[in-house]
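One-letter residues, chain by chain:
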Amino acid sequence: MTTIRLTTSINASIEKVFDISRNIDFHVYAASSTQEQAIDGVTSGLIGLDETVTWRGKHFGVFLNHQSKITTFDAPNRFTDEMIDGHFKSFTHEHIFQKKLKETEMIDILKYEVPYGIFGKVSNYLFLKKHLTQFLFSRNQSIKSYLEMYSLKIGCKD
């Protein structure tokens, strides 16, 4: 089992950070480098408890599908998506949100298991973990940039 943990501080309300993190349309925008598209289930707007989405994106030069379901949901504090079909043995992504003084701390905890025995483990060590970490980091920076720029544009403070 591999665990990736990222923490991002965002100068925005916990409600805004929570909602943009589960916004299908924003994910498509933020993951444009991998040509991510929601192709089944909830394909636009906000995803919620017990709802599914199937993503299709280009990773390592190949289009792959990944279907997940929202299995826990406690607005605006946390939600979890779990793979129900895809290329991992298991894949669970916890999204945790904590209000700090003037910011929201967004915590991602991604736990996954790779298939293919020793070949999967070597691939994970050589490039998969780095790829997934960079993918999450880039997504989080898109969320941060968008919400902080939005707050500046409209002159509001959360």
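### Some details on a nonpolar patch on the surface
So, point 1. Taken together, the side chains of Phe60, Tyr116, Ile118, Phe119, Val122, Tyr125, Leu126 and Phe127 define a hydrophobic patch exposed on the protein surface, amounting to about 1,000 Å² of accessible area.
So, point 2. Tracing the backbone shows Ile118 in helix α3 (residues 117-154).

### So, the nonpolar core
So, point 1. Judged by nonpolar contacts, the single largest core of 20 residues is most densely connected at Ile10, Val17, Ile24, Phe97, Ile143 and Leu147.
So, point 2. Among the elements of the structure, α1 (14-21), α2 (24-30), β3 (52-59) and α3 are those that each provide at least two residues to this core.
So, point 3. Take this core: its biggest share by element is four residues, from α1.
So, point 4. Residues within four places of Ile24 in sequence aside, it is in contact with Ala38, Val42, Thr43, Ser44, Gly45, Ile47, Val53 and Trp55.
So, point 5. Among the nonpolar cores identified, the runner-up in size contains 11 residues, and Leu6, Phe88, Val114 and Leu128 belong to it.

### Here's the deal with the sheet that holds strand β1 (residues 2-10)
So, point 1. Spatially, seven strands are ordered β1-β7-β6-β5-β4-β3-β2 in an open sheet, and the strand pairing comes out antiparallel. Every other strand in the sheet has two partners, leaving β1 and β2 (37-41) as the edge strands with one partner each. When strand polarity is set aside, the average angle formed by the axes of neighbouring strands in this sheet is 25°.
So, point 2. Here β3 runs beside strand β4 (residues 62-74); their pairing, made up of eight bridges, is antiparallel. Residue His59 lies in a different strand from β4, and its bridge partner there is Val62.
So, point 3. Where α1 meets the sheet, its contacts fall on β1, β4, β5 (78-85), β6 (90-99) and β7 (104-113), and the angle it forms with β6 comes to roughly 160°.

Reading the values: rules and limits
Residues numbered from 1 in each chain as written. Predicted model: local features only at pLDDT ≥ 70, side-chain atom pairs only at ≥ 80, totals over all residues. Heavy atoms only, no water. Patch = residues over 30% accessible without salt bridge, like charges linked within 9 Å, V, L, I, M, F, W, Y side chains within 5 Å. Areas by Shrake-Rupley, 256 points an atom, 1.4 Å probe, with all protein chains shown as cover. Salt bridge = Lys/Arg side-chain N within 4 Å of Asp/Glu carboxyl O. Helix = DSSP H or I, 4+ residues; strand = E, 2+ residues; numbered from the N terminus. Core = buried A, V, L, I, M, F, W, Y, C linked by side-chain atoms within 4.5 Å. Buried < 20%, exposed > 50% of the residue type's maximum accessible area, 1.4 Å probe, protein only. Contact = heavy atoms within 4.5 Å. Pairing = 2+ DSSP bridges. Axes fitted to C-alpha atoms, helices over the stretch in contact; angles between N-to-C directions.

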